[in-house]
Amino acid sequence: MNKFEYMERYGFEQIIYFYDKATGLKGVTVIHDTTLGPALGGTRLWNYASEEDAVIDCLRLARGMTYKSAAAGLNLGGGKTVLIGDPNKVKSEAYFRALGRYVQSLNGRYITAEDVNTNTKDMDYIRMETDYVSGIEGKSGNPSPLTALGAFHGIRASLKFKFGTDDVSRYSYAVQGAGQTGYYLIQYLLEAGAKKIYFTEINDRHIKRMKDEHPEVIFVAPDAIFSQEVDVLVPCALGAVLNDQSIPQIKAKIVAGTANNVLADEDKHGNMLRDLGILYAPDFVINAGGVINVYHELHDYNIHAVHKDIEKIYDRLLEIFQIAQEQKINTQEAAKVYARNRIAMIQQIHANYIKR
Ligand code: NAD
């Protein structure tokens, strides 16, 4: 992979490699775009098969964060850190404090947070060396209920666009995954009086929890979730679940959930859904509740303000669906158009010098 060519093609600003002799900390930070503000993105710890795999993952995730924050109306750019190592072996106070020192060396151009295999305890160690970290214990807390809340508003917006009413109680839902976000989202749907909810899971503990707490939510086998006769399919498990095999099975008229990278191939499968008349709520817009929450932690944290901001996902999605309709493009593409428009517009208003 020619990294400079890739950076030029997709507008990346910076790739930083770091290696700490004392702790063996080894990783990469990518800053994609800071037009809107400091690049924010979590730190992922993974035993990558190769250095190339780690860099590619980091580039892809950093760029995704630019779109996500831009579309969420936040004054943040996109970035990411990946650490190369075995999560069961490398973690220690010194390891994360060493990372904190690298983050500090970027002087606020990049702000880190939790991601796969890192948690609030690790963030607390990073915090000992830098202020440029979010997701601290006792501050904004677990993002999952807020991600679920954002998806709930996103489902309402999708209903409104597709059926002309956002009355959740008139429709039925099939939820894939009742882990963190799926569990909370089902509760929001129940509170709103959802007509019927089916769910699937592969983790026995999560199946039992749902059956014990909400026996009215009906369990179905994992491979039966796509073909349920429901109005809304709600992916809250893994990525790439919408593909050549699953899409033809879908009976729902809406796909809207918390999962990231739901479309196996954004262009192909985004178009496939559109051609079938299935409204797809773009993942990085509907699941932005968590990043909105983290953003507030960087300022004066107030849960009411967070809820108000998360509610805006409703109007934002309606705007994006409108763009898709007008420009005859799929909704995932429309979401990128929306994000790019915001970045371009803010860049323009910064063109004239104002002394602050
Ligand atoms: P989680 O691991 O808590 O829950 C996912 C659940 O899906 C697990 O319980 C797992 O057993 C289940 N699952 C996996 N494969 C399945 C299958 N084939 N069929 C049925 N169930 C299956 O994760 P989460 O935090 O709820 O995140 C879910 C998705 O939402 C992920 O794609 C994540 O990237 C995305 N997301 C989460 C947040 C957040 O705040 N947690 C924010 C943004 C996006």
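Cut-offs and rules
- Residues numbered from 1 in each chain as written.
- Predicted model: local features only at pLDDT ≥ 70, side-chain atom pairs only at ≥ 80, totals over all residues.
- Heavy atoms only, no water.
- Axes fitted to C-alpha atoms, helices over the stretch in contact; angles between N-to-C directions.
- Helix = DSSP H or I, 4+ residues; strand = E, 2+ residues; numbered from the N terminus.
- Parallel < 35°, antiparallel > 145°, perpendicular 65-115°, else oblique.
- Left-handed = near helix turned anticlockwise from the far one by under 90°.
- Contact = heavy atoms within 4.5 Å.
- Nonpolar A, V, L, I, M, F, W, Y, C, P; charged D, E, K, R; others polar.
- Salt bridge = Lys/Arg side-chain N within 4 Å of Asp/Glu carboxyl O.
- Buried < 20%, exposed > 50% of the residue type's maximum accessible area, 1.4 Å probe, protein only.
- Expected span 1.5 Å × (residues − 1).
- Polar contact = N/O pair within 3.5 Å; in protein donor to acceptor, adjacent residues only side chain to side chain.
- Arc of directions from axis to C-beta.

Caption draft 1: Expanded view of the packing of helix α4 (residues 93–105) against helix α5 (residues 120–127). Contact pair α4 / α5: the axes reach a minimum separation of 7 Å and the direction vectors enclose 55°. Here α4 is positioned oblique relative to α5, judged by the angle of their axes. Between α4 and α5 lies a crossing whose hand is right-handed. Side by side, α4 and α5 meet where E93, F96, R97, L99 and G100 of the first sit next to D122, Y125 and I126 of the second. Grouping the constituent residues of the contact of α4 with α5 by class yields 4 nonpolar, 1 polar and 3 charged.

Caption draft 2: Main features of the pattern of salt bridges. For the structure shown, the criterion picks out 18 salt bridges. Here E266 and K336 are joined by a salt bridge, their closest N and O atoms 2.5 Å apart. One end of the pair, E266, is in helix α9 (residues 266–275); the other, K336, is in helix α14 (residues 331–349), with 70 residues separating them in the sequence. The exposure class of E266 is partly exposed, given its relative accessible area of 28%. Salt bridges sharing partners connect three or more residues here, namely R44, D57, R60, K80 and D115.

Caption draft 3: Quick peek at α14. Compared with an ideal rise of 1.5 Å per residue, which puts 19 residues at 27 Å, α14 spans 27 Å between its outermost C-alpha atoms and is within 8% of the ideal. Inspection of α14 places T331, Q332, A334, A335, K336, V337, Y338, A339, R342, I343 and I346 among the buried residues, and these make up the whole buried set. Tucked into the core, α14 has its buried residues touching β2 (26–33), α2 (51–71), α9, β12 (279–280), α10 (283–286) and α13 (313–327). The residue sitting at the N-terminus of α14 and contributing the capping side-chain oxygen is N330; that oxygen lies 3.0 Å from the backbone nitrogen of Q332.

Caption draft 4: Broad picture of helix α8 (residues 204–213). The set of residues buried in α8 consists of H206, I207 and M210. Buried positions in α8, seen along its axis, are confined to an arc of 105° and lie on one side of it. Across α8 from its buried face, at more than 90 degrees, point the exposed residues D204, R205, K208 and D212. On its buried face, α8 is in contact with α7 (180–191), β8 (196–200) and β9 (218–219). Near the N-terminus of α8, the side chain that reaches the backbone nitrogen of R205, with its oxygen 2.8 Å away, is that of N203.

Caption draft 5: Layout of the side chain of S172. Mapped onto the elements, S172 comes out in strand β7 (residues 172–176). Among residues more than four places away in sequence, those in contact with S172 are K196, E229, V230, D231 and V232.

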